[in-house]
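Here is how the chains run, residue by residue.
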Amino acid sequence: MGQDDDGDGLLTICDFMRHALSRFNAADLVYGQFETAPAALWEGFRLAKAHGVTTALNPSPWQALSAAQLALCDLLIVNEVEAAGLLGNIDLAEADLATCLARLRTPVAALMARWQGQLLVVTLGARGALAFPRADAPVMAPAAEYFCKASLAFGLALVLVKRLKTFFIAGR
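Overview of the structure.

What to know about the pattern of salt bridges
Tallied over the full model, the rule gives three salt bridges. For Asp74, the salt bridge goes to Lys49, with nearest N and O atoms at 2.6 Å. Here Asp74 is found in the loop between helix 3 (67-71) and strand 5 (75-78), whereas its partner Lys49 is found in helix 2 (residues 38-50), with 25 residues between them in sequence. Looking at Asp74, the relative accessible area reads 13%, which means it is buried. Taking the shortest distance from any N to any O, the salt bridge between Arg127 and Glu80 comes out at 2.3 Å. Pair noted here: Arg127 is in the loop between strand 6 (119-123) and strand 7 (128-133) and Glu80 is in helix 4 (residues 80-87), with a separation of 47 residues, a long-range link. A relative accessible area of 23% means that Arg127 is categorised as partly exposed.

Description of the side chain of Asp74
Within polar-contact distance, the side chain of Asp74 engages the side chain of Lys49 at 2.6 Å. With sequence-adjacent residues up to four places away left out, Asp74 is seen in contact with Lys49, Val53, Thr54, Thr55, Trp115, Gly117, Gln118 and Leu119.

Topic: the packing of aromatic side chains
Scanning the entire structure with this criterion turns up two aromatic pairs. Ring plane angle 85 degrees and centroid distance 5.7 Å describe the contact between Trp42 and Phe45, whose orientation is recorded as edge-to-face. Taken together, the residues Trp42 and Phe45, both in helix 2 and three residues apart, mark about one turn of the helix. For the residue pair Trp42 and Phe45, the accessibility class agrees, reading buried in each case.

Some points on the pairing of strand 8 (residues 139-142)
Sheet faces and side chains relate simply in a regular strand, where the side chains alternate between the two faces. Pairing analysis gives four bridges linking strand 7 to strand 8, with the strands arranged antiparallel. When the sheet's bridge partners are listed, Ala131 is paired in strand 8 with Val139. Linking two consecutive strands that pair antiparallel, namely strand 7 and strand 8, is a turn of five residues.

Calculation notes
- Residues numbered from 1 in each chain as written.
- Predicted model: local features only at pLDDT ≥ 70, side-chain atom pairs only at ≥ 80, totals over all residues.
- Heavy atoms only, no water.
- Salt bridge = Lys/Arg side-chain N within 4 Å of Asp/Glu carboxyl O.
- Helix = DSSP H or I, 4+ residues; strand = E, 2+ residues; numbered from the N terminus.
- Buried < 20%, exposed > 50% of the residue type's maximum accessible area, 1.4 Å probe, protein only.
- Polar contact = N/O pair within 3.5 Å; in protein donor to acceptor, adjacent residues only side chain to side chain.
- Contact = heavy atoms within 4.5 Å.
- Phe/Tyr/Trp six-rings, centres within 6.5 Å; stacked < 30°, edge-to-face > 60°.
- Pairing = 2+ DSSP bridges.

In short, geometric facts, not functional conclusions.
Below, the structure written as structure tokens:
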């Protein structure tokens, strides 16, 4: 516990995450992104994993993930820029979904060989999204006019997570 200028007690971000997760022990999913304080994000993910809760990361804005950080992620939701950082500099610009799928198969297989996560979702803006579940064939999801890319990617993740009831989102 820290103190502010008046000497009043302050919960640190990690203390808050420990307290918050204790309240969400029935959660099936903890979601984070890099717009969240890093200490809070990784503490939340460590606590989630310790309690058997699925974790989902949108690494935005892009930062490289260490092997230890990657091990804390069950689901990854990335856009084209983040996919290039995660999978290597792959050209997906102006390619249709089928071409993007073909270009991503080998790099995704390499990622799956070093990552034990369950699902990678690559959002492709107005083209839609691709989902790469570990235990199943890739899924192409063309964008519909009424879906924004974020809800499409998150929706794919939710559909593929079994028995999702509640979730906790950390953000600023």
